[in-house]
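Below are the chains, spelled out letter by letter.
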Amino acid sequence: MTMTEAYKVQLKDVFEGPMDLLVHLVKKNDVDIYDIPIAIIVEQYLGYMEIMEELSLEVSGDFLVMAASLMHIKSRMLIPAEQDNDEETEDPRMEIVRPLEEFLRIRNAADKLSGLSLLDRDIFCRPATEEMTDMAKDLRSLRPVGLFELIDAFQRIAKGISKEHLVDITKEMISVKQKISELMEILDEKKDITFQELFIGEHSREMLIITFLAVLEMIRLNLIRVMQHADSGIIRIYGG
Amino acid sequence: MADNLKAIIESLLFVTDGALSIKRLKSVLGDDITVQEIKEAVRGLMVDYEAEKRGFILHEVAGGYQFRTRPEYKEWIVKLKQLSPARLSRAALETLAVIAYKQPVLRTDVEHLRGVDSSGIFRTLLEKDLIRVLGRKDLPGRPILYGTTRRFLEVFGLRELGCLPSLDEMEQLEISWPSGSKSS
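All of these numbers come straight from a predicted model, not from anything done at the bench.

A. Looking closely at the overall build of chain B. When helices and strands are tallied, chain B shows 9 helices and 5 strands. Relative to its 184 residues, chain B shows a buried fraction of 29%. Here the analysis covers contacts within chain B between residues at least 6 apart in sequence; of these, 47% occur between residues at least 24 apart.

B. Region of interest: the overall build of chain A. Each helix and strand in chain A was counted, giving 9 helices and 6 strands. Within chain A, the fraction of its 240 residues that count as buried is 23%. A separation of at least 24 residues holds for 71% of the contacts in chain A among residues at least 6 apart in sequence.

C. Representation of the interface of chain B and chain A in the model. Each partner contributes residues to the interface: chain B has 50 residues there, and chain A has 50 residues. Of all the elements in the fold, those that place two or more residues in the side of chain B that touches chain A are β2 (64–69), α4 (74–81), α5 (90–102), α6 (107–114), α7 (119–127), β4 (131–136), α8 (150–155) and α9 (170–175) of chain B. Among the elements that make up the side of chain B that touches chain A, the one with the highest residue count is α5 of chain B (8 residues). Classifying every residue of the side of chain B that touches chain A gives 25 nonpolar, 9 polar and 16 charged.

D. Looking closely at the environment of Gly17 of chain A. Its place among the elements puts Gly17 of chain A in the loop between β1 (9–10) and α2 (18–28). Linking Gly17 of chain A and Phe63 of chain A, residues 46 residues apart in sequence, is a C-alpha distance of 7.1 Å.

E. Representation of unusual backbone geometry within the structure. All names here are of chain B. Cis geometry is adopted by the peptide bond preceding Pro104, which originates at Gln103 and carries an omega value of 0°. Of note, Pro104 is situated in the loop between α5 and β3 (105–106). Positive phi, close to 40°, is recorded for Arg142, a residue that is not glycine. Within the secondary structure, Arg142 is located in the loop between β4 and β5 (144–148).

F. Broad picture of the packing of helix α2 (residues 22–29) of chain B against helix α3 (residues 35–51) of chain B. Residues and elements named next belong to chain B. At their nearest, the axes of α2 and α3 sit 10 Å apart, and the two run at 115° to each other. α2 and α3 meet at a crossing whose hand is right-handed. Touching Ile22, Leu25, Lys26 and Leu29 of α2 are Val35, Ile38 and Lys39, all from α3. Classifying every residue of the contact of α2 with α3 gives 5 nonpolar, no polar and 2 charged.

G. Examining the sheet that holds strand β4 (residues 192–194) of chain A more closely. All names here are of chain A. Taken in spatial order, the 4 strands make up an open sheet running β3-β5-β6-β4, and their pairing is antiparallel. This sheet does not close on itself; its edge strands, each paired only once, are β3 (142–144) and β4. Averaged over all pairs of adjacent strands, the angle between their axes in this sheet comes to 35°, without regard to strand direction. As defined by bridge partners, β3 adjoins strand β5 (residues 224–229) across 3 bridges and the pair is classed as antiparallel. Bridge assignment links Leu142 to a residue of β5, and that residue is His229.

H. Layout of the sheet that holds β5 of chain B. Residues and elements named next belong to chain B. Reading across from one edge, β3-β5-β4 is the order of the 3 strands in this open sheet, with antiparallel pairing throughout. Sheet topology places β3 and β4 at the edges, where each strand pairs with a single neighbour. Judged from the 2 bridges that link them, β3 and β5 form a sheet pairing that is antiparallel. Residue pairing in the sheet places Leu106 in a bridge with Leu145 of β5.

I. Spotlight on the environment of Glu197 of chain A. Looking at the element boundaries, Glu197 of chain A is found in the loop between β4 and α9 (205–220). Sequence separation between Glu197 of chain A and Arg236 of chain A is 39 residues; the distance between their C-alpha atoms is 9.2 Å.

J. Region of interest: helix α5 (residues 94–115) of chain A. The end-to-end C-alpha separation of α5 of chain A is 31 Å, in line with the 32 Å expected for 22 residues at 1.5 Å each. Within the sequence span of α5 of chain A, burial applies to Ile96, Phe103, Leu104, Ile106, Arg107, Asn108, Ala109, Ala110, Asp111 and Leu113 of chain A.

K. Quick peek at the nonpolar core. Ranked by internal contacts, the top residues of the largest apolar core, which has 77 residues, are Leu96, Ala97 and Ile99 of chain B. In this structure, Ala97 of chain B is in contact with Ile106, Ala109, Ala110 and Leu113 of chain A, ignoring residues within four places of it in sequence.

L. Main features of the pairing of β5 of chain A. With 5 bridges joining them, β5 of chain A and strand β6 (residues 235–239) of chain A adopt antiparallel strand pairing. For Val226 of chain A, the partnering residue across the bridge sits in β6 of chain A and is Ile237 of chain A.

M. Molecular detail of the environment of Val23 of chain A. Topologically, Val23 of chain A is positioned in helix α2. With 77 residues separating them along the chain, Val23 of chain A and Leu100 of chain A place their C-alpha atoms 7.6 Å apart.

N. Representation of the confidence of the model for chain B. Residues and elements named next belong to chain B. When pLDDT is averaged across chain B, the result is 85; 89% of the residues are at 70 or more. Note that residues 175–184 has pLDDT below 50 and, in this model, 10 contacts with residues that lie over four places away or in other chains. Predicted complex, confidence summary: ipTM 0.73, pTM 0.61.

O. Focus on the confidence of the model for chain A. Residue and element names in this part refer to chain A. Considering every residue of chain A, the mean pLDDT works out to 76; 76% of them sit at 70 or more. In the model of chain A, helix α1 (residues 2–6) stands out as the element of lowest mean pLDDT, 40, in contrast to α5, which has the highest, 89. Across residues 1–7 the pLDDT falls below 50, and counting only partners more than four positions away or on other chains, this stretch makes 3 contacts in the model. Note that pLDDT drops below 50 for residues 129–139; the model gives that stretch 4 contacts with residues more than four away or on any other chain.

Quick notes on the rules
- Residues numbered from 1 in each chain as written.
- Chains lettered and ligands numbered in written order.
- Predicted model: local features only at pLDDT ≥ 70, side-chain atom pairs only at ≥ 80, totals over all residues.
- Helix = DSSP H or I, 4+ residues; strand = E, 2+ residues; numbered from the N terminus.
- Buried ≥ 20, exposed ≤ 12 C-beta atoms within 10 Å, placed from the backbone.
- Contact = placed C-beta atoms within 7 Å.
- Nonpolar A, V, L, I, M, F, W, Y, C, P; charged D, E, K, R; others polar.
- Axes fitted to C-alpha atoms, helices over the stretch in contact; angles between N-to-C directions.
- Left-handed = near helix turned anticlockwise from the far one by under 90°.
- Pairing = 2+ DSSP bridges.
- Expected span 1.5 Å × (residues − 1).
- Core = buried A, V, L, I, M, F, W, Y, C linked by C-beta atoms within 7 Å.
- pLDDT = per-residue confidence, 0-100.

Right under this line is the structure:
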């Protein structure tokens, strides 16, 4: 058993979550989602959690959160509704019914998407030829660029621009966002662009910095890849 | 030129990677040809390919046109290319569905609806270029708003977002739950 204890299978991201378990239980018990026998469902839900622990599956915190809300609902069901309260007391189970409805809608939407003819699953087009092979050829001599190399490259461009402008932070926050969408549009059209080309037409130090910050943010968000050619030293930005 | 306009456009479509837009065709074909003529020629091509029962047909996707194989021949293509068909996990598909139908959305919106942390899936979808950052919401922390990409339209064969399949009503969902084996 020590072997299995050491190896925890991650359920997150690919496998089902707590909502799926709840749907599974509702279906299995053949009950109406608007009239869930909460005590039975809670008991079975916890049973599944135990099994998952035994199987050494990495049960995420989300399962615990759901278990807690189910138990909370169960406890509220036990308290009789106060008679003297004028406001109509809502069925505590509504707390779970609404998310359940939303979740079923999402599953339906996912099914609809999956039901379409998907590119590279059901439908194919000619593989991108020249550009891709060039890219593939290039890839051998391309290497990713680190943050400090980017800063160096930026400083070479920024050199010579007057340094008197101080950057206004509030203005900059807005502009970085705009710059990102601007750059995304350019990359949508051109697929790739050199680092230097990014700064063409920007004459103020402030705009240079904004552009640079936009590039860094886009790297962080995985919107672009920045590669440097081993021989020429040219840094190139690739979209997507 | 108008006589062989269809053939010219066909050749342009043939050499283009990705979808070719009417606008792009117009810029190549020049001022002598009107947008209307181009549209008619493209329509004509679509009809021709359809009528001749070719292995590939002209699809309208993501604001452009592209030759794509017919879905019924997929098994042969998969065999030829020896590829395992591109698959999105159930979780990724659900996340993508929320983003597609509700965009612009925050990651927290998606996580709230799905009831699970979705940061890893967002990263995957960004890497696959199916979603993108649309901007930031005017809330504390300025959280990022997400939407789908042009690539998303291409992959799902959609002309535009308005062409997303319509969803079922709640009542229908209850009767036929997705991937349900049990009928209620």
